[in-house]
Amino acid sequence: MKRLNSRMTVMVWVMVAYAMMPAVTLGQMQIPGVGSMLPDKAQLLEQAQKLVADLTSMKSGGKLGAADTAKVDSLLPKATAVNTELAKPQVEPSRLTQLAGQLGDLQKQVGALKGVMK
């Protein structure tokens, strides 16, 4: 019985120690496989920069009708905002995932506009 109590005491102290660890320390621990699930910030930034350049080129190209030009005008600030946020030195992982989703949506819309231009 005494041996069981000492084991339980040790387990309780281990749990208390984990509970008292700062969130930053726990956040810095590497969990295998989790890092690979997050989008790569550098790749997202590169894609966002290309998207802004494509939209800027489309706007100045003069090959779009009025409705499509208005669509480019509405997409350009959104793409610029995503680009600006990705260019920051630190982006929270959850925000990075959101930005990746926004970027993907913008890329689909720009792809559709490019199809109209051809």
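Draft legend 1. Structural context of the pattern of salt bridges. All told, the structure shown has 4 salt bridges when counted by the stated rule. A salt bridge links Asp73 to Lys59, with the shortest nitrogen-to-oxygen separation between them at 3.0 Å. Of the two residues, Asp73 sits in helix H4 (residues 66–86) while Lys59 sits in helix H3 (residues 41–61), which places them 14 residues apart along the sequence. Classification of Lys59 as partly exposed rests on a relative accessible area of 46%.

Draft legend 2. Layout of the packing of H3 against H4. Following both chains from N to C, one finds H3 and H4 inclined at 155°, their axes separated by 9 Å at the closest point. Classed by the angle they form, the pair H3 and H4 counts as roughly antiparallel. As H3 runs across H4, the sense of the crossing is left-handed. Residues Lys41, Leu44, Leu45, Ala48, Gln49, Leu51, Val52, Leu55, Thr56, Met58 and Lys59 of H3 form the contact with H4, whose participating residues are Val72, Asp73, Leu75, Leu76, Ala79, Thr80, Val82, Asn83 and Leu86. The class makeup of the residues in the contact of H3 with H4 is 13 nonpolar, 4 polar and 3 charged.

Draft legend 3. Examining H4 more closely. With 21 residues, H4 ought to run about 30 Å at 1.5 Å a step, and its terminal C-alpha atoms sit 30 Å apart, in line with that. Looking at the packing, one finds that the buried side of H4 touches H3 and helix H5 (93–117).

Draft legend 4. Region of interest: the nonpolar core. The biggest cluster of nonpolar side chains holds 21 residues, and the ones touching the most others in it are Leu51, Leu55, Met58, Val82 and Leu86. Residue assignment for this core shows that the elements contributing at least two residues are H3, H4 and H5. Counting residues per element, this core draws most heavily on H3, at 7 residues. Once residues within four sequence positions are removed from consideration, Leu51 is found in contact with Ala79, Leu103, Leu106, Gln107 and Val110.

Cut-off values and rules
- What you see as residue numbers is a count from 1 along each chain, following the sequence as written.
- Local features are withheld for residues below a pLDDT of 70 in this predicted model, meaning they are given only at 70 or higher, and side-chain atom pairs are given and counted only at 80 or more; totals for whole chains, interfaces and linings count all residues.
- Note that the side-chain values use all heavy atoms of the structure and ignore hydrogens as well as water.
- A carboxyl oxygen of Asp or Glu within 4 Å of a side-chain nitrogen of Lys or Arg is what we treat as a salt bridge.
- Each helix is a run of H or I in the DSSP string that is no shorter than four residues. Each strand is a run of E no shorter than two, and both are numbered from the N terminus.
- Accessible area is worked out with a 1.4 Å probe on protein chains only. A residue is then buried under 20% of its type maximum, exposed over 50%, and partly exposed in between.
- Orientation is described by axes fitted as lines to C-alpha atoms, over the contacting stretch for helices, and by angles from 0 to 180 degrees between their N-to-C directions.
- For this classification, under 35 degrees means roughly parallel, over 145 means roughly antiparallel, 65 to 115 means roughly perpendicular, and everything else is oblique.
- By definition, turning the near helix anticlockwise from the far helix through less than a right angle yields a left-handed crossing, and turning it clockwise yields a right-handed one.
- Contacts between residues were defined by any pair of non-hydrogen atoms, one from each residue, lying within 4.5 Å.
- For this scheme, ten residues count as nonpolar: Ala, Val, Leu, Ile, Met, Phe, Trp, Tyr, Cys and Pro. Four count as charged, namely Asp, Glu, Lys and Arg, and the remainder, Gly too, count as polar.
- What a helix should span is 1.5 Å times the count of its residues minus one.
- Here, nonpolar core means buried Ala, Val, Leu, Ile, Met, Phe, Trp, Tyr and Cys residues that are tied together by side-chain atoms lying within 4.5 Å of each other.

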